[in-house]
Amino acid sequence: MAQTSYPLDYQVVVTLGGYPQHIRVRGTDADNPVLLFLHGGPGVSDRHWVIKDQSDLAEVCTMVCWDQRGSGKSYSGTQVKQGLTLKMMVDDAEELVDHLREKFDKDKIYIVGHSWGSMLGVLLAQRAPEKIATYIGMGQVVDLEENEELAYKFTLDEATRRGDKKALRDLAKIGEPVNGSYGDLSNLITQRNLMTKYGGGTYNESENIWKSVIMPVLQSPEYTLGDLVKYIRGSLYSLNQLWPELAERIRFMDSVKSLEMPVLITQGIHDQNTPSVIARKWFDQLEAPSKEWIDFDQSAHSPIKEEPELWGKVIREKVFE
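Chains are numbered independently. Their residues run from 1 in the order of the written sequence. At least 70 in pLDDT is required for a residue's local features to be given in this predicted model, at least 80 for side-chain atom pairs to be given and counted, and no such filter applies to totals for whole chains, interfaces and linings, which use all residues. Only heavy atoms go into the side-chain values, all of them from the structure, while hydrogens and water stay out.

Topic: the overall build of the protein
Heads up, the condition is: Labels follow the DSSP assignment, with helices taken as runs of H or I lasting at least four residues and strands as runs of E lasting at least two, numbered in each case from the N terminus. All radius of gyration figures rest on C-alpha atoms, and the globule criterion is 2.2 Å times the number of residues raised to 0.38. When a residue's accessible area, from a 1.4 Å probe over protein chains only, is under 20% of the maximum for its type it is buried; when over 50% it is exposed; and in between it is partly exposed. Throughout, a contact is declared for two residues whenever any of their heavy atoms are within 4.5 Å. Using the Shrake-Rupley algorithm and a 1.4 Å probe, accessible areas are obtained, with residue cover drawn only from the displayed protein chains. The positive count covers Lys and Arg only, the negative count covers Asp and Glu only, and His and the chain ends enter neither. A single reference atom marks each charge: NZ on Lys, CZ on Arg, CG on Asp, CD on Glu.
Across its full length, the protein carries 13 helices and eight strands. Compactness check: the protein gives a C-alpha radius of gyration of 19 Å against a globular reference of 20 Å for 321 residues, within 12% of the reference. Its C-alpha atoms give the protein principal-axis dimensions of about 55 × 45 × 45 Å. Out of the 321 residues in the protein, the part that is buried amounts to 57%. Of all intrachain contacts in the protein linking residues separated by at least 6 positions in sequence, the fraction that spans at least 24 positions is 75%. Taken as a whole, the protein presents about 13,800 Å² of accessible surface, with 49% of it coming from carbon and sulfur. Separation of charge centres in the protein, based on 36 positive and 47 negative side chains, amounts to 5 Å.

A word on the pattern of salt bridges
Going by this rule: By salt bridge we mean one thing: a side-chain nitrogen of Lys or Arg within 4 Å of a carboxyl oxygen of Asp or Glu.
The tally for this structure, following the rule as stated, stands at 28 salt bridges. The salt bridge partner of Glu-94 is Arg-127, with a shortest N-O separation of 3.0 Å. A residue pair is termed long-range when its members are at least 10 positions apart, and Glu-94 in helix α3 (residues 86–103) and Arg-127 in helix α4 (residues 116–127) qualify at 33 residues. Linking Asp-284 and Arg-280 is a salt bridge whose minimum nitrogen-to-oxygen distance equals 3.0 Å. Here Asp-284 and its partner Arg-280 are both found in helix α11 (residues 276–285), four residues apart, which amounts to about one turn of the helix. Judged by its relative accessible area of 48%, Asp-284 falls in the partly exposed class. Residue class for Arg-280 comes out partly exposed when judged on its relative accessible area of 33%. Among the ionic contacts, a cluster of salt bridges with common partners joins Lys-87, Asp-91, Glu-94, Asp-98, Arg-101, Arg-127 and Lys-131.

Looking at the packing of helix α5 (residues 144–162) against helix α7 (residues 185–197)
Test applied: Every axis corresponds to a line fitted to the C-alpha atoms, with the helix fit spanning only the stretch in contact, and the corresponding angles, defined between N-to-C directions, vary from 0 to 180 degrees. Oblique is the label for any angle not under 35 degrees, not over 145, and not in the 65 to 115 range, which are roughly parallel, roughly antiparallel and roughly perpendicular in turn. Handedness of each helix crossing follows the sense of rotation of the near helix against the far helix: counterclockwise by less than a right angle gives left-handed, clockwise gives right-handed. Following the grouping adopted for this structure description, the nonpolar residues are Ala, Val, Leu, Ile, Met, Phe, Trp, Tyr, Cys and Pro, the charged ones are Asp, Glu, Lys and Arg, and the polar ones are all others, Gly among them.
Two elements in contact, α5 and α7, have axes separated by 9 Å at closest approach and are oriented at 55°. Taken together, the axis directions place α5 and α7 in an arrangement best described as oblique. Between α5 and α7 lies a crossing whose hand is left-handed. Contact with α5, carried on its side by Asn-147, Glu-148, Ala-151, Tyr-152, Phe-154 and Thr-155, involves Leu-188, Gln-191, Arg-192, Leu-194 and Met-195 of α7 and no other residues of that element. Here the contact of α5 with α7 is built from residues that sort into six nonpolar, three polar and two charged.

A short note on a negative patch on the surface
Where we set the bar: Residues enter a patch when their relative accessible area is above 30% and they make no salt bridge; the linking distance is 9 Å between like charges and 5 Å between nonpolar side chains (Val, Leu, Ile, Met, Phe, Trp, Tyr).
On the surface, Asp-29, Asp-31, Asp-105 and Asp-107 cluster together into a patch of negative charge. If you trace the backbone, Asp-107 turns up in the loop between α3 and β5 (109–114).

Below, the structure is given as structure tokens:
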């Protein structure tokens, strides 16, 4: 089989909100629709596995991965001094959409938001519906306070079931989240490490954040060793800066009752990072021109990389054919 050629295959720095930010483009035809990936975290850039696992989509769309302000290749000490707010992120996202519309001569582009990116994506779709062709959600967050209550409960229940005494001591020490917050970033990381260890992040896999997040970056040609340092610093910085505001403000059941474009939710049924039961309540009451919910039976938080062939097939068939 001949290797696919990608005439559009580059990374470039664009200025968003007055600040240089990195994007990665892969495509086969500039006339194809544009699909922008909004990564999770905050601060956990994903170009390394999007490009690795989903490049077949470049046959039907131009893929754009964005290292958001303060994340991955876009992290810098200069930006750190500016701080980071939710409004800055939505402003940057809309400016990038405008850049892509102009560059590729499109009225609208498609967006997919994963985890934190699903919060950003919904807010962007709500603000600028005339610029968004379809919203695709994955690891969809709707209410961060309720999300963290269920994520903590899963972790505590699993630690109890397994008789994991150290985990029970750690969970007792950090305590239940209050208004979606654990009070300290290290406490959030403790909970996420345990949840990931118990298979709530990747289905049927016992991992920690190092294995699930850092090692794939280290092994990818998309990032250098220097980039890895920025990646780690950026993820910690972005979480510290944005999490308190997200915990307070993300309440889509009340604030986002409708979207003006088609909506597709691609959700892993074993997800304990962003439990699907919350997103499903929002989806069921959401008004949209069309909407569809697709379960992924062998996935937890990231069907795009846990079931990459199936996820890519779904996007191709449901969105671009």
